[in-house]
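One-letter residues, chain by chain:
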Amino acid sequence: MVRKQVVLVTGANGEIGHGLIERISQEGDKDIIALDLVPLDEELARRCQEVFVGSILDTQLTERIVSRYEITEIYHLAALLSTRAEFAPETAHQVNVDGTMGLMQLALEQSSWSGQPVKFLFPSSIAVYGLPDLETKARAGKVKEYEWIAPTTMYGCNKLYCEALGRYFSRYYRQLAAEKDQRTVDFRSIRFPGLISAVTVPSGGTSDFAPEMLHAAAKGESYACFVREDTAIPFMAMPDAVDGLLRLSAAPQQDLKHSVYNITAFSLTAGEFAAKVREHFPSAQIRFEPDLKRQAIVDSWPVDTDDSAAREDWGFAPVYDVDSAFAEYLVPAIRRRYA
Ligand code: AKB
């Protein structure tokens, strides 16, 4: 019996999963299997070869998956985001770290069947950065991958550690063995800014204030923003994030000088974001009621990131700046969604 070769997407029902599954299935050359804690939306499920409902920590489930399919590529999107992880740090560690470690082991094991490296695409985050105060944040400006990596959240710690784990699995796994291990993981990671989707509303993150503000305005609901008006972090429209993952996956290995890359599209304050929302939804009711604890998390994230390495090594360039993201992607799609 020959197992079908597939791409595994974990956390498939989440924000990135929606856009990613749609794009991979449109491209039409790969079969997708999806794993999520909840059943996938019907439209999304139809694009997958099979959907598995359960936890990435459930080894019986992952063993059942590999008994049926040969996995050649993994997009490991499942995670507890920064706000949710602070309410359950130990659970976050299990899901974000132990879950990732288990999938890297699964990737290694799968590579032994084909003799080829299994690609492991891992979304990391601006949460790996930790700027100590607002003055330093302003002075730091666009941070490089190796600067200010002192996360203040469990989620940020988890992401930073898993980046290191990925580097280890792809370059140094069992480095003291007498014979080099032939099984290999081809780990590639992107540090994303806050992502904004027209299709889904995020939950459990701390950059959520921007997409929440926009979706509330489109629904005609008032919104109390949990950070100050002058709070600035980088953002990106979801199609550019999905494109980034697919481009990084397609890049020839020899072009990649790093295993982890920043990418960014535009940086603006929550007040500027609110002004953009009002430009398109003039009756939007937005007020600012900072939650000091969530504020402190966002204050520790950089104003922007330096993504020159991604641009140089694999040609990353976002399609959308802030104006075109609103005018050409977010607003038309959100209006259709809530019509
Ligand atoms: C979060 O807010 O936790 C995420 C992130 C910035 O990675 N959106």
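Provided above is the structure to which this section pertains.
Rules behind the numbers
Residues numbered from 1 in each chain as written. Predicted model: local features only at pLDDT ≥ 70, side-chain atom pairs only at ≥ 80, totals over all residues. Heavy atoms only, no water. Salt bridge = Lys/Arg side-chain N within 4 Å of Asp/Glu carboxyl O. Buried < 20%, exposed > 50% of the residue type's maximum accessible area, 1.4 Å probe, protein only. Core = buried A, V, L, I, M, F, W, Y, C linked by side-chain atoms within 4.5 Å. Contact = heavy atoms within 4.5 Å. Helix = DSSP H or I, 4+ residues; strand = E, 2+ residues; numbered from the N terminus. Lys, Arg positive; Asp, Glu negative; His and termini not counted.

Using the criterion set out here, one finds 21 salt bridges in the structure. Here Asp181 and Arg183 are joined by a salt bridge, their closest N and O atoms 3.0 Å apart. Overall, the relative accessible area of 16% leaves Asp181 in the buried class. Bridged by salt links that share partners, the residues Arg23, Glu27, Asp243 and Arg247 form one connected network.

This next bit is on the nonpolar core. Note on soluble globular proteins: their nonpolar side chains tend to be buried together. Counting residues in each nonpolar core, the largest one holds 107 residues, and the members touching the most others are Tyr75, Phe209, Val277 and Trp314. For Val277, the contacting residues outside a window of four places in its chain are Met213, Leu214, Ala217, Ala284, Ile286 and Phe326.

Our focus in this paragraph is helix 8 (residues 209-219). Among the 11 residues that make up helix 8, eight are buried, leaving the element largely enclosed by the rest of the structure. For helix 8, the full list of buried residues reads Phe209, Ala210, Pro211, Met213, Leu214, His215, Ala216 and Ala217. Of the residues one or two after helix 8, Gly220 is the one with positive phi, at around 75°.

This brings us to the side chain of Asp240. Following the sequence through the fold, Asp240 ends up in helix 9 (residues 238-250). Look at Asp240: it is buried, it has no salt bridge, and the nearest opposite charge is Arg23 at 7.7 Å. Aside from chain neighbours lying at most four places away, what touches Asp240 is Phe316, Pro318, Val319 and Tyr320.

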